[in-house]
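# What the coordinates show
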Amino acid sequence: MAKAIMIQGTMSSAGKSLLAAGLCRIFKQDGYRVAPFKSQNMALNSYITADGYEMGRAQVMQAEAAGIAPDVRMNPILLKPTSDRGSQVIVNGEVLGNMPAVEYFQYKTRLIPDIRKAYDSLSAENDILVIEGAGSPAEINLKQQDIVNMGMARIAGAPVLLVGDIDRGGVFASLAGTMMLLEPEERDMVKGTVINKFRGDVEILKPGLVMLEDLVHVPTLGVVPYMYLDLDDEDSLSERFQAEGGGLLDIAVIRLPRISNFTDFNLLSQIPGASVRYIGHLKEWGNPDFVILPGTKNTMGDLKWLRESGLETLILKHAAAGKPLMGICGGYQMLCRRLSDPENAEGGGQINGLGLFAADTVFSTTKQRRQVTGTVGELKGIFAPLSGKPVQGYEIHMGRTEGQEVPFAFLHADGEVSYADGMQAGNVYGTYLHGIFDNGEILSALGEALYAYKGIAPQTLAAFDAAGYKEKQFDLLAQTMRDTLDMEAVYQIIDAGLKK
């Protein structure tokens, strides 16, 4: 069975996901078989594995850092918020159902056998498991039902490293306060602290580190600097959500309230001269060259928000002016004439869409989940240079869209005949395909098309090496952590495990 190390944080967005990925890469570089694990993830960024199961993208990113294929066992429970008080519950990659928060709180301990089975199975195949916690272990109202922080550490017998985010301020108070709110047994499980996202001269920080160790009685294993890395983010706390542009090509993504899979757009910023920004208010609109309606966990609810916010009017004006507009998944569904929900998948009822496609979407409770490959169809308009380009990605949606428009692409899953995906009408394009912009040829063709549309001197852009770029990011992450963490102490903690 594998040895384990667990990364917990004093709060959400303390950097747990990134540090766990860094450890996965370090252990891989050092010759170990390593895999990530997170018992319960709450995020709207998800991924479909090769065998058709759904899991959180944070563990996908960590698996990539470990040099292995994403496996649903790495994230046995995924919660996808559908409202402020409820989530879709996904267990072992398949939808269990929608639950209000109170109902799930009472139910979740029944999922411990699923967690154990997934963890034990991964443990049998690896040398080290890097476990990520969620939020904070000091949520005193939740500790009795905990299955993701100290509760998970007990299941795995994993020593814990506690991470604090100094960039937000108050890092000493958050680390010391978290330790104070832990039970004595839980404090004994914490074998070291890590200060993350530091900017400045570490010498100034050193007196505080000594005082912190005196307070919490565990060593500080390192001060990790703020890192400017281009790796997938876990959730809507992402620092990518800024509204300022400034590039030659202004690409604007609508920041829907329940935006999902915004990692689809991370690599667009690698188009030379392009800036990618997120718009959530009328005042942020500016004069975008290319607008994208992204995926969402609640298409009809976010369409109502789009209408009430006034952004629908600006999107329609953008399209009427002949400027390129694209919808991905839920954003594609919004471009239709009519959206209907007869099976109450999103709350029921009907709503008019933006009416830019002569098509209608009907929701159902059956979720489409699969990886696909294919080619872009014969596009017209600004994005005609994308025609015939190879694409790959995954579908993850509830409902079908049918209409009279020309298809955007032709796709197929393993062993299936090709089928039409998406639509195009003028310079408006829609697709169910997530990950379409992760393809170097697509990125290059898109950049060339936008340059031509802007009247900028034509140029041929070399195909972007997305896989090589990501590998360099992981290696930079690992080297930075090696330089700033006491890795010898980390290995000693792993070897010692927890005293039973």
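Since the structure is predicted, the reported quantities are computational estimates derived from the model, not experimental observations.

Once that is clear, we can look at the overall build of the chain. Looking only at helices and strands, the chain features 14 helices and 26 strands. Against the globule reference of 23 Å for 500 residues, the chain gives a C-alpha radius of gyration of 23 Å, in line with a compact fold. Based on the C-alpha atoms only, the size of the chain along its principal axes is roughly 65 × 50 × 45 Å. Counting all 500 residues of the chain, 58% fall into the buried class. For the chain, contacts bridging at least 24 residues in sequence account for 72% of all contacts bridging at least 6. Accessible surface, the chain: about 20,300 Å² in total, of which carbon and sulfur atoms supply 51%.

Another aspect to go through is the packing of aromatic side chains. Geometrically, a pair of aromatic rings is defined through the distance of the ring centres and the angle of the planes. As enumerated under the stated definition, the model contains 12 aromatic pairs in all. Consider the rings of Y47 and Y394, whose centres lie 5.1 Å apart with planes at 65°: the pair is edge-to-face. Here the residue Y47 occupies a position in strand β4 (residues 46–48), and Y394 occupies one in strand β22 (residues 390–403), the gap between them amounting to 347 residues. With respect to class, Y47 is no different from Y394; both count as buried. Here F408 and Y429 contribute two aromatic rings whose centre-to-centre distance is 6.5 Å and whose plane-to-plane angle is 75°, an arrangement assigned as edge-to-face. Placement of F408 in the loop between β22 and β23 (409–412) and of Y429 in strand β26 (residues 428–431) is noted, with a sequence separation of 21 residues between them.

Among the six residues in strand β15 (residues 274–279), six count as buried, and that is most of the element. Neither face of β15 is exposed, since A274, V276 and Y278 on one face and S275, R277 and I279 on the opposite face are all buried. Where strand β13 (residues 249–254) meets β15, six bridges bridge the pair, whose relative direction is parallel. Bridge pairing links I254 to I279 in β15.

The sheet built from six strands is open, its strands ordered β2-β9-β1-β10-β11-β12 with parallel pairing. Two strands close off the open sheet at either side, each with one partner strand: β2 (34–37) and β12 (220–225). Sheet twist, expressed as the mean angle between neighbouring strand axes with direction ignored, is 20°. With four bridges joining them, strand β11 (residues 190–198) and β12 adopt parallel strand pairing. Looking at β12, one finds that V194 is bridged to G222.

This next bit is on unusual backbone geometry. In this structure, S13 is a non-glycine residue whose phi angle is positive, near 65°. Following the sequence through the fold, S13 ends up in the loop between β1 (3–9) and α1 (16–29).

Attention shifts here to the environment of I494. Mapped onto the secondary structure, I494 falls in helix α14 (residues 487–496). The exposure class assigned to I494 is buried, which follows from its relative accessible area of 3%. Along the primary structure I494 and G403 are separated by 91 residues, whereas in three dimensions their C-alpha atoms are 57 Å apart. Filtering out sequence-adjacent residues up to four positions away, I494 remains in contact with K3, A4, I5 and F27.

So, on to the packing of helix α9 (residues 299–309) against helix α10 (residues 311–320). Closest axis-to-axis distance for the α9/α10 pair is 4 Å, and the angle between their directions is 85°. Classed by the angle they form, the pair α9 and α10 counts as roughly perpendicular. Contact with α9, carried on its side by W305, L306, R307 and S309, involves L311, E312 and I315 of α10 and no other residues of that element.

Turning next to the sheet that holds strand β3 (residues 40–42). Reading across the sheet, the four strands line up as β3-β6-β7-β8 and stay open at both edges, with mixed pairing between neighbours. Looking at which strands have only one partner, the edges of the open sheet turn out to be β3 and β8 (94–100). Looking at each pair of strands side by side, their axes are set apart by 25° on average, direction ignored. In the sheet, strand β7 (residues 86–91) pairs with β8 via six bridges, with the strands oriented antiparallel. Bridge pairing links V89 to G97 in β8.

Reading the values: rules and limits
- Residues numbered from 1 in each chain as written.
- Predicted model: local features only at pLDDT ≥ 70, side-chain atom pairs only at ≥ 80, totals over all residues.
- Heavy atoms only, no water.
- Helix = DSSP H or I, 4+ residues; strand = E, 2+ residues; numbered from the N terminus.
- Rg over C-alpha atoms; globule rule 2.2 N^0.38 Å.
- Buried < 20%, exposed > 50% of the residue type's maximum accessible area, 1.4 Å probe, protein only.
- Contact = heavy atoms within 4.5 Å.
- Areas by Shrake-Rupley, 256 points an atom, 1.4 Å probe, with all protein chains shown as cover.
- Phe/Tyr/Trp six-rings, centres within 6.5 Å; stacked < 30°, edge-to-face > 60°.
- Pairing = 2+ DSSP bridges.
- Axes fitted to C-alpha atoms, helices over the stretch in contact; angles between N-to-C directions.
- Parallel < 35°, antiparallel > 145°, perpendicular 65-115°, else oblique.

Functional significance is not addressed by these values, which are geometric in nature.
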